[in-house]
Amino acid sequence: MKDIGGLLIDLDGTLFHGGVMIPGADRLIAGLRSAGIPFLFVTNNSSRTAAAVSAHLNGMGIEAKAEEVCTSSMAAARYVAEESPKARVAILGEEGLIEACTVAGLSIVTEKPEYVVQGIYRSFTYASLAQASRWIQEGAKFVLTNPDLMLPSDDGVMPGAGSLGAAIEAASGVSPVVIGKPESHLVTYATALLGIKPETAVVVGDNMRTDISAGVKAGCRTILVLTGLTTADNYEHYQQITGVTPDEIYADLAELMVRLGV
């Protein structure tokens, strides 16, 4: 794998599990900085702002700057802004999505939106579902930050943005434009932020269904690390159900560092 323009690095399962750093994550990032290899932290998480994501990483000992973070909320906001600058958007989401849409110059409204942009929304109610479905039936475009059906929490696995999106899709009869992994929009946006072509980018992640699939769809090269969801034991299963194959596979971050020479 030559001519690496930059790395697009997944977070949960790749650099940490919840609030616990995966061994070697701090040294990997420090090594990339020292070697001058460009990178971004790329996450499906739509709830946190870039500053909050970087604070979470720094709190575990992984040096991170807000400008090195690329979230599905940021990519969703940019998708809408590029398609319709200053569009009227109704947001079903949290701080990360609200900030991203504001920064992108979109007009956040509570009536007659041109877009319904939805992410994880822990205040979601029946009224939210009814209103969103009506807006979409009336012609608003439905944009979903990420399709994750479940997300981890301190209390166990909880419904994710994709579960809420599935309810809105069922109620409205309209499928959303999906921004986050495994679709390509988030990864393509991250390559644009780095100023590199997709074919020179390398997606690094632990999840065949999201990280690796998104990288392949975006035309990037991919590295799978067996530090999270995908393991040596279930790799063939995920390869069969996704139909994708990573360019390289490493058991842990130490092996990846050797490969990258950092």
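To start, this report covers the structure provided alongside it. This structure is a prediction, so every number in the text was calculated from the model and none was measured.

### Section: the pairing of strand β6 (residues 88–92)
For step 1, the next point in the chain: Of all 5 residues that make up β6, 4 are buried, and the element is covered over most of its length.
For step 2, the next point in the chain: Sheet topology note: the β6/strand β7 (residues 107–108) ladder contains 2 bridges and is parallel. Note on β7: the bridge partner recorded for Val89 is Ile108.
For step 3, the next point in the chain: Chirality of the crossover, the property in question, places the unit of β6, helix α4 (residues 95–103) and β7 among those that are right-handed.
For step 4, the next point in the chain: Looking at chain direction, β6 and strand β8 (residues 115–118) are connected through 4 bridges and run parallel. Looking at the pairing, Val89 lines up with Tyr115 of β8.

### Some words on the layout of surface pockets
For step 1, the next point in the chain: Space inside the largest pocket adds up to approximately 1300 Å³.
For step 2, the next point in the chain: Lining the largest pocket are 46 residues, with Asp12, Asp148, Met150, Leu151 and Pro152 positioned closest to its centre.
For step 3, the next point in the chain: Looking at the lining of the largest pocket, the elements that each hand over two or more residues are β2 (16–17), α2 (50–59), β10 (150–153), β11 (156–159), α6 (161–172) and α8 (208–218).
For step 4, the next point in the chain: The greatest single-element share of the lining of the largest pocket, amounting to 4 residues, is contributed by β10.
For step 5, the next point in the chain: By volume, the second largest pocket amounts to about 170 Å³.
For step 6, the next point in the chain: If you trace the second largest pocket, you find 13 residues lining it, with Met74, Glu99, Ala100, Val103 and Tyr189 closest to the centre.
For step 7, the next point in the chain: Going through the elements one at a time, α3 (72–83) and α4 are the ones with two or more residues in the lining of the second largest pocket.
For step 8, the next point in the chain: Counting residues per element, the lining of the second largest pocket draws most heavily on α4, which supplies 4 residues.
For step 9, the next point in the chain: Across the lining of the second largest pocket, the residue classes tally to 7 nonpolar, 3 polar and 3 charged.

### Details of the sheet that holds strand β9 (residues 141–144)
For step 1, the next point in the chain: In spatial order, the strands read β7-β6-β8-β9-β12; together these 5 strands make up an open sheet with parallel pairing. The sheet is open, and its two borders are formed by β7 and β12 (177–178), each paired with just one other strand.
For step 2, the next point in the chain: α3 contacts β6, β8, β9 and β12 of the sheet and is inclined by roughly 150° relative to β9.

### Let's talk about helix α5 (residues 126–137)
For step 1, the next point in the chain: For α5, spanning 12 residues, the distance from its first C-alpha to its last is 16 Å, which sits close to the expected 16 Å at 1.5 Å a residue.
For step 2, the next point in the chain: For α5, the set of buried residues is Ser128, Leu129, Ala130, Ala132, Ser133, Trp135 and Ile136.
For step 3, the next point in the chain: Check the buried side of α5 and you find it contacts β6, β8, β9 and α6.
For step 4, the next point in the chain: Where α5 begins, the side chain of Thr125 points an oxygen toward the backbone nitrogen of Ala127, at a separation of 3.3 Å.
For step 5, the next point in the chain: Gly139 sits one or two positions beyond α5 and adopts a positive phi of about 120°.

### What about the nonpolar core?
For step 1, the next point in the chain: The biggest cluster of nonpolar side chains holds 33 residues, and the ones touching the most others in it are Leu8, Val80, Val89, Leu106, Val117 and Val143.
For step 2, the next point in the chain: Elements that contribute at least two residues to this core include exactly β4 (39–43), α3, β6, α4, β8, α7 (185–194), β13 (201–205) and α8.
For step 3, the next point in the chain: Among the elements that take part in this core, α3 stands out by supplying 6 residues, more than any other.
For step 4, the next point in the chain: Ignoring sequence-local partners within four residues, the contact set of Val143 consists of Ala76, Tyr79, Val80, Tyr115, Val116, Val117, Gln118, Val177 and Ile179.

### Some thoughts on the side chain of Ser47
For step 1, the next point in the chain: Relative to the assigned elements, Ser47 resides in the loop between β4 and α2.
For step 2, the next point in the chain: For Ser47, the residues in contact, after removing those within four places along its chain, are Glu94, Glu95, Gly96, Ile120 and Arg122.

### Points about the packing of aromatic side chains
For step 1, the next point in the chain: Applying the stated criterion across every chain yields a total of 1 aromatic pair.
For step 2, the next point in the chain: A ring pair is formed by Phe39 and Phe41, whose centres lie 5.3 Å apart and whose planes are at 75°; its orientation type is edge-to-face.

### Brief notes about the side chain of Ser172
For step 1, the next point in the chain: Along the chain, the position of Ser172 falls in helix α6.
For step 2, the next point in the chain: Within the structure, Ser172 has its side chain in polar contact with the backbone nitrogen of Val174 (distance 3.2 Å).
For step 3, the next point in the chain: What Ser172 contacts, discounting residues up to four positions off in sequence, is Ser133, Ile136 and Gln137.

### Overview of the pairing of β8
For step 1, the next point in the chain: Because side chains alternate across β8, one face comprises the buried residues Tyr115 and Val117, and the other comprises Val116 and Gln118, equally buried.
For step 2, the next point in the chain: When β8 meets β9, the two strands line up parallel, connected through 4 bridges. The residue of β9 that forms the bridge with Gln118 is Leu144.
For step 3, the next point in the chain: For the handedness criterion, the β-α-β arrangement of β8, α5 and β9 is classed as right-handed.

What counts, and where the lines are drawn
- Residues numbered from 1 in each chain as written.
- Predicted model: local features only at pLDDT ≥ 70, side-chain atom pairs only at ≥ 80, totals over all residues.
- Heavy atoms only, no water.
- Buried < 20%, exposed > 50% of the residue type's maximum accessible area, 1.4 Å probe, protein only.
- Helix = DSSP H or I, 4+ residues; strand = E, 2+ residues; numbered from the N terminus.
- Pairing = 2+ DSSP bridges.
- Right-handed = clockwise from strand over helix to strand, strands pointing away.
- 1 Å grid on protein atoms, 1.4 Å probe; cavity = no way out; pocket = protein on both sides within 12 Å on 5 of 7 lines; lining within 4 Å.
- Points joined across faces, edges and corners; volume = space filled by probe spheres on them.
- Nonpolar A, V, L, I, M, F, W, Y, C, P; charged D, E, K, R; others polar.
- Contact = heavy atoms within 4.5 Å.
- Axes fitted to C-alpha atoms, helices over the stretch in contact; angles between N-to-C directions.
- Expected span 1.5 Å × (residues − 1).
- Polar contact = N/O pair within 3.5 Å; in protein donor to acceptor, adjacent residues only side chain to side chain.
- Core = buried A, V, L, I, M, F, W, Y, C linked by side-chain atoms within 4.5 Å.
- Phe/Tyr/Trp six-rings, centres within 6.5 Å; stacked < 30°, edge-to-face > 60°.

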